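As a plain string of letters, each chain reads:
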Amino acid sequence: MNDAWPETVNGWELAREGHIENYRKRLANRVTVTAVWENGTGRGRIDARTEPLGSGRTLTGTRKDFRDKEAFWTAATCVLEMAANLPSLDWHTSPAPTALAGTVAGMVEAEPGTSGYPEAELTFTLTDGHTVTLCMTDEQAFDLSNAISRLDHHVWSEEREDDEEDEDEECEEVDIDEVPDVEEVRSGPDTGHDLVTVLDDRFGVTEDNLLAHVDWSALIVVGEPAVSSLVDRGEELTAAVAPRWYPVVVDRPGEHWVVLKRTGLRYHGE
């Protein structure tokens, strides 16, 4: 087919040929990712190539059979992230725009994504009139939140503390007896990352013993003595991860697993 890509879907250029959908994303480092999906067959192909039109040397690719289109897009996202982190391959011209930078005007809009799996959409309006929307996975959003918290501590917290001290001097003294005691209030882990922290801090289970579903719908603990320790402390574990998660013991050939499942989701075989 020629280089006419008439549609754009979630940042991918799209051209259709009958039941076949051809997607392309050209990156600023001169790598092009192509994704081909055959409707009705469950087959597709995803490649990262060195040539701007997607016909150069293949850097990486995926299998051709997928469970469904969601699995296809999960694979496409993995290939895209790998390709985007490669250094520039030094073509003379870039098929993609250069990096965009500017001052953010007003508030940043944060909304849930619409792609069918956990993600966030952050929309920035810049003072030069550009609007930029970033689609981020739950893990990327978690890392961004942590990074901003660290920035908050090092960049803004001292100034904010000075402002709060000035406000305290202007306010009347508050009767502390009217403030409820909430020291004993505890909420269980929400995200998969929170769950990993609880397992490490309270039960000594490190990431070496953990497997996770791609969408963080379940976290699996494997290996000894981690599994036996959690089984022996089953009631404590159940209380520690509630209400968002619940643990079950799964028999595997020659071993046992402790699987922590997200509450409210159905799993194959249940």
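These numbers come from a predicted model, not from an experiment.

Cut-off values and rules
- Residues numbered from 1 in each chain as written.
- Predicted model: local features only at pLDDT ≥ 70, side-chain atom pairs only at ≥ 80, totals over all residues.
- Heavy atoms only, no water.
- Buried < 20%, exposed > 50% of the residue type's maximum accessible area, 1.4 Å probe, protein only.
- Helix = DSSP H or I, 4+ residues; strand = E, 2+ residues; numbered from the N terminus.
- Pairing = 2+ DSSP bridges.
- Phe/Tyr/Trp six-rings, centres within 6.5 Å; stacked < 30°, edge-to-face > 60°.
- Contact = heavy atoms within 4.5 Å.

Caption draft 1: Representation of the pairing of strand E3 (residues 20-26) within the structure. For E3, a buried count of 5 out of 7 residues is recorded, marking the element as mostly surrounded by other parts of the structure. Pairing between strand E2 (residues 12-17) and E3: 5 bridges, direction antiparallel. Residue Glu13 lies in a different strand from E3, and its bridge partner there is Arg24. If you look at the hairpin formed by E2 and E3, you'll find 2 residues sitting between the two strands, and Gly18 has a positive phi there, around 65°.

Caption draft 2: Seen up close, the packing of aromatic side chains. All chains considered together, the criterion is met by 5 aromatic pairs. Seen in terms of ring centroids, Trp12 and Trp73 are 5.4 Å apart; in terms of plane orientation they differ by 65°. Their pairing is edge-to-face. In this pair, Trp12 sits in strand E2 while Trp73 sits in helix H1 (residues 69-84), placing the two residues 61 residues apart along the sequence. The two residues Trp12 and Trp73 agree in class, both being buried. Summarising the aromatic geometry, the rings of Trp37 and Phe72 are spaced 5.0 Å apart at their centres and angled 45° between planes, so their arrangement reads as tilted. Here the residue Trp37 occupies a position in strand E4 (residues 32-38), and Phe72 occupies one in helix H1, the gap between them amounting to 35 residues. Across this residue pair, the class does not change: Trp37 and Phe72 are buried. Linked through ring pairs, Trp12, Tyr23, Trp37, Phe66, Phe72 and Trp73 together constitute an aromatic cluster.

Caption draft 3: Looking closely at the side chain of Thr123. Looking at the secondary structure, you find Thr123 in strand E8 (residues 119-125). Given a relative accessible area of 16%, Thr123 falls into the buried group. Other than its neighbours up to four places away in sequence, Thr123 contacts Val108, Glu109, Thr131, Val132 and Thr133.

Caption draft 4: Geometry of the pairing of strand E12 (residues 245-252). Bridge count for E12 against strand E13 (residues 255-262) is 8 bridges, and the pairing is antiparallel. For Tyr246, the partnering residue across the bridge sits in E13 and is Lys261.

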